[in-house]
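# A look at the structure
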Amino acid sequence: MTAPPLDGSTAGSTAETTAATIPFFPPDLFEDDREALLDAVRAVGTAPGQTFILGEHTARLESALRDRLGPGTADAVACSSGTSGLSLLLAALDVGPGDEVVVPAFGCAPLAATVLDAGARPVFADIDPVRLTVDPAAAEALIGPRTKALMPAHMFSVMADMPAFRALADRYGLPLVEDAALAQGGTLAGRPAGCWGDAGVYSFVQVKTFGMPGEGAVVLTRDAALGRAVRMLRNHGQDGVHRFVHHRVGRNGVGLNSRFDEVMALFQLHRLPGLDGRLARRAEISAYYSRRFAPLADRGLAAPPVGGDGRFHYVYTVLTGRRDELRAHLAERGITAHVYYPRPLPAQPAFAPHTAPGAAWPNAESAARRNISLPLYPHLTDAQVERVADAVCAFADAHPDTHPDPDAHPDTHTNRER
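What comes next is a walk through the structure. (Residues numbered from 1 in each chain as written. Predicted model: local features only at pLDDT ≥ 70, side-chain atom pairs only at ≥ 80, totals over all residues. Heavy atoms only, no water.)

For any two aromatic rings, the description comes down to two numbers: the centre-to-centre distance and the angle of the planes. Per the counting criterion, the structure on display carries 16 aromatic pairs. When the ring of F24 is compared with that of F25, the centres are 4.9 Å apart and the planes differ by 85 degrees; the resulting orientation is edge-to-face. Judged by relative accessible area, F25 falls into the partly exposed class, the value being 41%. Relative to Y341, the ring of F156 has its centre 6.1 Å away and its plane inclined at 25 degrees; by these criteria the two rings are stacked. Pair noted here: F156 is in the loop between β4 (147-150) and α7 (162-172) and Y341 is in the loop between α11 (323-332) and α12 (362-370), with a separation of 185 residues, a long-range link. For F156, a relative accessible area of 4% corresponds to the buried category. Taken together, F24, F25, F106, F156, Y314, Y340 and Y341 form an aromatic cluster joined through their ring pairs. The ring of W196 carries R191 above its face, with NZ or CZ at 4.1 Å from the centroid. (Phe/Tyr/Trp six-rings, centres within 6.5 Å; stacked < 30°, edge-to-face > 60°. Buried < 20%, exposed > 50% of the residue type's maximum accessible area, 1.4 Å probe, protein only. Helix = DSSP H or I, 4+ residues; strand = E, 2+ residues; numbered from the N terminus. Lys NZ or Arg CZ within 6 Å of the ring centre and 35° of its normal.)

Turning our eyes to something else, we now look at the packing of helix α3 (residues 56-69) against helix α9 (residues 262-271). Direction vectors running N to C along α3 and α9 enclose 40 degrees, while the axes themselves pass 8 Å from each other. In terms of orientation, α3 and α9 fall into the oblique class. In terms of crossing hand, the pair formed by α3 and α9 is left-handed. Residues E56, H57, T58, R60, L61 and A64 of α3 touch α9, and the partners they reach there are E262, A265, L266, Q268 and L269. Taken together, the residues of the contact of α3 with α9 break down into 5 nonpolar, 3 polar and 3 charged. (Axes fitted to C-alpha atoms, helices over the stretch in contact; angles between N-to-C directions. Parallel < 35°, antiparallel > 145°, perpendicular 65-115°, else oblique. Left-handed = near helix turned anticlockwise from the far one by under 90°. Contact = heavy atoms within 4.5 Å. Nonpolar A, V, L, I, M, F, W, Y, C, P; charged D, E, K, R; others polar.)

Positionally, V101 belongs in strand β2 (residues 100-104). The exposure class assigned to V101 is buried, which follows from its relative accessible area of 0%. In this structure, the C-alpha to C-alpha distance between V101 and V115, residues 14 residues apart in sequence, is 6.9 Å. Contacts of V101, omitting those with residues within four sequence positions, involve V95, V115, R121, P122, V123, A149 and M151.

With that settled, the discussion passes to the pattern of salt bridges. For the structure on display, the rule yields 21 salt bridges. Linking R34 and E31 is a salt bridge whose minimum nitrogen-to-oxygen distance equals 3.1 Å. Given the relative accessible area of 46%, R34 is considered partly exposed. Between R281 and D382 there is a salt bridge whose closest N-O contact spans 3.0 Å. Highlighted residues: R281 in helix α10 (residues 275-293) and D382 in helix α13 (residues 382-398), separated in sequence by 101 residues. Using a relative accessible area of 13% as the deciding quantity, one classes D382 as buried. A cluster of three or more residues bridged by salt bridges with shared partners is formed by E62, R66, D75, R231 and R234. (Salt bridge = Lys/Arg side-chain N within 4 Å of Asp/Glu carboxyl O.)

The set of residues buried in helix α8 (residues 224-233) consists of L226, G227, A229, V230 and L233. Down the axis of α8, the buried set is contained in an arc of 160 degrees. They therefore lie on one face. Residues of α8 that are buried make contact with β1 (75-79), α4 (82-92), β8 (199-203) and β9 (217-221). (Arc of directions from axis to C-beta.)

So, on to α12. Within α12, 7 of the 9 residues are buried, which leaves the element mostly enclosed by the surrounding structure. Those residues of α12 not exposed but buried are P362, N363, A364, S366, A367, A368 and R370. Summarising the contacts, the buried residues of α12 are in contact with β11 (316-320), α11 and β12 (371-374).

With that settled, the discussion passes to unusual backbone geometry. Positive phi, close to 60 degrees, is recorded for D94, a residue that is not glycine. Relative to the helices and strands, D94 is located in the loop between α4 and β2. Classification of D94 by relative accessible area gives partly exposed; the value is 32%. For F156, which is not a glycine, the phi torsion comes out positive at approximately 60 degrees.

With that out of the way, let us pick up the sheet that holds β1. The strands that make up a sheet pair up through hydrogen bonds in the backbone, lying either parallel or antiparallel. Ordered by their spatial adjacency, 4 strands build an open sheet running β1-β9-β8-β5, and the pairing between neighbours is mixed. In this open sheet, the two strands that pair with only one neighbour each are β1 and β5 (177-179). Averaged over neighbouring strand pairs, the angle between their axes works out to 20 degrees when direction is ignored. As paired elements, β8 and β9 share 5 bridges and run antiparallel to each other. When the bridges of β9 are listed, Y202 appears paired with V218. Along the sheet, α3 contacts β1, β8 and β9; its crossing angle with β1, the most-contacted strand, is approximately 135 degrees. Of the strands in this sheet, β1, β8 and β9 are in contact with α8, which crosses β1 at around 15 degrees. (Pairing = 2+ DSSP bridges.)

Now the structure itself:
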């Protein structure tokens, strides 16, 4: 199965198409910005003020990100990681012992770990089998008298059903914390990812859509008071004006050390103008993959649709019952694929003791068995993209899987934690 180049031009060289390895995590992600990074180190390191954290560059980055999201965003607070951003929000919302937070059963460990670290209990809701994000109906079934917040997360390249979660949170009077760590650049019904909740988080770790060569994140909120609380908590409860005066005390202590690096702030300011172009290239590659893979559905490979509302293009993930065989097939052809979450969160040793006996999450378990992600980053060449698509199509042709996963239940919600 062959296809024309993405842009209609002549594809890359034969040597590039057949020989070079295509990594999943490219080592040259910031190669074009090498001089800018060195300049940022030099500028911050030799500045008279010797301010290496939470200085003028961090403030400028926060302002630029806030302006980019529009007037509905009251504050943007840079912090040290997406995980610490969630922790800051839970602390600012006074989540603690005796509380419960409804989280997805499938996703990244911080969804549950930050809740436990706050002294509360994560309550795991099953996911939608198509979106792979937490199912609003499953989440609603788990709301009880101890529920303190809802924390949906966007997954791979698809936003959660945030209009449904916004309505759910409003109906029950619960804070809505939106884990948008992966989803910067996505929009749903005209509203950016991260801006549906009372607060949200973007991660800047290197492989994210606005990644950088280090750790970092930003907390977004439309609640100015909540933003002020997060600002204090990220710096040991200090207000940024009166040093060594600790104003804000969370249930587990006096704030956190979750400060943002000035070198990284200056580097991100350099990269911000090019973000839309990089996002557009990711979307172009994703659309090409989806066009190529659409005919493979009857051979047991499910791919995301082309475009659509609520999409972002962090990674490109397909589902197949022959996941390990596909991974090996690609590796033999010099293409590295990646499996993000081979276990649902409730099956992890750290979280299993906090689940109810007999609870089950069939859609999360199915996704954990079947998901595999393909290379997706802006500087993939057309020839490399075609090579990945050709390899996946060849595998599906040679190894059709015509039996649907028997444990996935798209029309039922079987998780019961109560």
